[in-house]
There are 2 protein chains.
Amino acid sequence: MYTGVNMKVERRIGAKAIATTARRRDAAETKKAILLSARAAFARSGYDGVGLREIAQAAGVTAILVNRYFGSKDQLFSEVVASTMVNPGILSSETLAPGRKGADLSREIANALVAKTAPEAAQLDGFLILLRSASNERAASIWKENIERHYEKSLAARLPGRHAKGRAGLILALIAGFQIMRQAVGTPSLSEANPKWLIQELTALLNILVERERLE
Amino acid sequence: MYTGVNMKVERRIGAKAIATTARRRDAAETKKAILLSARAAFARSGYDGVGLREIAQAAGVTAILVNRYFGSKDQLFSEVVASTMVNPGILSSETLAPGRKGADLSREIANALVAKTAPEAAQLDGFLILLRSASNERAASIWKENIERHYEKSLAARLPGRHAKGRAGLILALIAGFQIMRQAVGTPSLSEANPKWLIQELTALLNILVERERLE
């Protein structure tokens, strides 16, 4: 009977473990659904233009649940911003592959930037969230933290030499400005320019930031 | 009596002219008040965030009068955008003074850009209107027209050599991106960087666009 009791206990523990796993899986799925709903909503309407209730509704949950999982609109926004940086459209792991150095790295960033901002390409949702939220101070501060933690760090690590952080910041500024002007505003000087010419000019600009301080 | 009649007619014409002048002056003052009210409102809340009624109220007139003077919200927005370009904060007539050429022109633009985006400097309202409106398609299209007509044209005229328009477009992209990252987002890599170093790097970048095609 000793063994029997033990088995019963084990069975009980087993059932509990399965139930916990199921709950955890449900929680993970729900969290994912909320994040996706929030990401689409923030890309469409920016930080100010969206309420937790709207995000919850689109994810099929209550606003109370969104609050329980994410704590606040700011924390949810922060997780959305971080999620857009996991697979960056331009500074992707392919663009920043360890083998690329110097002019090769500059050219790859220029290639990706021109391809992703082509007039027929959909605007990257991370960029839309930035554009539609940057004028709100709290949202801007969340962007600042995430840009520093994700983009600047990985980019600066690829820039041997002095002022790596500042050079990474200037590269990000050039990328953001080019996206705004070519895609969001759509000035013909950039949207109608020969892509090869744009890549050539952007490579030269980026190379100043990638190479110069290393050479000095 | 002939003379008397004539004098009476002249007095009448004179009175009419004065009344017309007064009305014109009133109209000009009212239009100016509406434009100022609209400029402040669009800088604060962007194209989507402002209604004609709110703008009218702040200017002390009715929405009907705003419509009579400007035709539509789009036309009013367009005139506001054009008004921000009359005395540009960065590409000012001083920065673009005819005497400045080549590296001197690049350095002056870099100087103005770093000064106007200093952490303690107020954000330029033209820039805020762009940032807070660029995600609306109609507003973006109004920006596009005005950027082309005002900034690009005057800048391209200062860039001898090939691809002047494209180079002007890239300079404007660099300016916009630097403003967003250093001032709106406030990434420390740019907001805490040594201004002299920033001017040096921006001068090198701008000089690629100002000088290179001329030299080739």
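Shown above is the structure to which this text applies.
Remember, predicted model here, so these are calculated numbers, not experimental data. (Residues numbered from 1 in each chain as written. Chains lettered and ligands numbered in written order. Predicted model: local features only at pLDDT ≥ 70, side-chain atom pairs only at ≥ 80, totals over all residues. Heavy atoms only, no water.)

### Some points on the relation of the copies chain B and chain A
Logical step 1: Aligned on chain A, chain B shows an RMSD of 0.0 Å; the corresponding rotation is 180° and the shift along the axis is 0.0 Å. What the rotation and shift describe, once combined, is the action of a two-fold rotation axis. Taking C-alpha positions as the reference, the residue of chain B nearest the rotation axis is G177 of chain B, at 1.8 Å. (Least-squares fit on C-alpha atoms with pLDDT ≥ 70 in both.)

### So, the pattern of salt bridges
All names here are of chain B.
Logical step 1: Summed over the entire model, instances satisfying the criterion amount to 12 salt bridges over all chains.
Logical step 2: For R138, the salt bridge identified is with D74, shortest N-O distance 2.8 Å. Of this pair, R138 sits in helix α7 (residues 137–156) while D74 sits in helix α4 (residues 73–84), and the two are 64 residues apart along the sequence. (Salt bridge = Lys/Arg side-chain N within 4 Å of Asp/Glu carboxyl O. Helix = DSSP H or I, 4+ residues; strand = E, 2+ residues; numbered from the N terminus.)

### Focus on the packing of α4 of chain B against α7 of chain B
How two helices sit against one another is set out by the angle between their axes and by the gap between those axes.
Residues and elements named next belong to chain B.
Logical step 1: As a packed pair, α4 and α7 sit with axes 10 Å apart at the nearest point and diverge in direction by 35°. Read as a crossing pair, α4 and α7 show a hand that is right-handed. Contacts between α4 and α7 involve D74, F77, S78, V81, A82 and T84 on the former and, on the latter, R138, A139, I142, W143, N146, H150 and Y151.
Logical step 2: When the residues that make up the contact of α4 with α7 are grouped by side-chain class, the tally is 7 nonpolar, 4 polar and 2 charged. (Axes fitted to C-alpha atoms, helices over the stretch in contact; angles between N-to-C directions. Left-handed = near helix turned anticlockwise from the far one by under 90°. Contact = heavy atoms within 4.5 Å. Nonpolar A, V, L, I, M, F, W, Y, C, P; charged D, E, K, R; others polar.)

### Some words on the side chain of S106 of chain B
Residues and elements named next belong to chain B.
Logical step 1: If you trace the backbone, S106 turns up in helix α5 (residues 102–116).
Logical step 2: Owing to a relative accessible area of 0%, S106 belongs among the buried residues under this scheme.
Logical step 3: Contact partners of S106, with chain neighbours within four places excluded, come to T203, L206, N207 and V210. (Buried < 20%, exposed > 50% of the residue type's maximum accessible area, 1.4 Å probe, protein only.)

### Points about the side chain of E152 of chain B
Logical step 1: If you trace the backbone, E152 of chain B turns up in helix α7.
Logical step 2: Buried E152 of chain B, no salt bridge; nearest opposite-charge side chain is K165 of chain B, N-O distance 4.9 Å.
Logical step 3: A polar contact is formed between the side chain of E152 of chain B and the side chain of S189 of chain A, at a distance of 2.5 Å. (Lys, Arg positive; Asp, Glu negative; His and termini not counted. Polar contact = N/O pair within 3.5 Å; in protein donor to acceptor, adjacent residues only side chain to side chain.)

### So, the packing of aromatic side chains
Logical step 1: Enumeration over the complete set of coordinates arrives at 6 aromatic pairs over all chains.
Logical step 2: Seen in terms of ring centroids, F42 of chain A and F77 of chain A are 4.9 Å apart; in terms of plane orientation they differ by 90°. Their pairing is edge-to-face. Linking F42 of chain A in helix α1 (residues 2–45) with F77 of chain A in helix α4 (residues 73–84), this pair joins segments that are 35 residues apart in sequence.
Logical step 3: With a relative accessible area of 0%, F42 of chain A lands in the buried category.
Logical step 4: When its relative accessible area of 0% is taken as the criterion, F77 of chain A is described as buried.
Logical step 5: Taken together, a centroid distance of 5.0 Å and an interplanar angle of 80° make the contact between Y47 of chain B and F77 of chain B edge-to-face. With Y47 of chain B in the loop between α1 (2–45) and α2 (52–59) and F77 of chain B in helix α4, this pair connects stretches of sequence that are 30 residues apart. Each of the two residues, Y47 of chain B as well as F77 of chain B, counts as buried.
Logical step 6: Members of the aromatic cluster, each reached through a chain of ring pairs, are F42, Y47 and F77 of chain A. (Phe/Tyr/Trp six-rings, centres within 6.5 Å; stacked < 30°, edge-to-face > 60°.)

### Considerations on unusual backbone geometry
Logical step 1: Although it is not a glycine, H163 of chain A sits at a positive phi angle of roughly 55°.
Logical step 2: With respect to the helices and strands, the residue H163 of chain A is situated in the loop between α7 (137–156) and α8 (164–185).

### Overview of the interface of chain B and chain A
Where the parts come together, the accessible area they lose is often given as the size of the interface.
Logical step 1: Between chain B and chain A, the residue contacts involve 43 residues of the former and 43 residues of the latter.
Logical step 2: Of the roughly 3,800 Å² buried between chain B and chain A, counting both surfaces, carbon and sulfur atoms make up 73%.
Logical step 3: At the boundary of chain B and chain A, one finds 0 salt bridges.
Logical step 4: For the pair chain B and chain A, the interface holds 2 residue pairs in polar contact (both at pLDDT 80 or more).
Logical step 5: For the side of chain B that touches chain A, the secondary structure elements donating two or more residues are α6 (125–133), α7, α8 (164–185), α9 (188–191) and α10 (195–215) of chain B.
Logical step 6: A per-element tally of the side of chain B that touches chain A places α8 of chain B first, with 15 residues.
Logical step 7: The residue makeup of the side of chain B that touches chain A, split by class, is 25 nonpolar, 9 polar and 9 charged. (Buried area = accessible area lost by both parts, 1.4 Å probe.)

### Structural notes on the environment of Q183 of chain A
All names here are of chain A.
Logical step 1: Positionally, Q183 belongs in helix α8.
Logical step 2: Among the residues examined, Q183 registers a relative accessible area of 11% and is labelled buried.
Logical step 3: With 15 residues separating them along the chain, Q183 and A168 place their C-alpha atoms 22 Å apart.
Logical step 4: In contact with Q183, not counting residues within four places along its chain, are K116, T117, A118, A121, A122, Q123 and F178.
Logical step 5: Within the local environment of Q183, its side chain forms a polar contact with the backbone oxygen of K116, the two atoms lying 3.3 Å apart.

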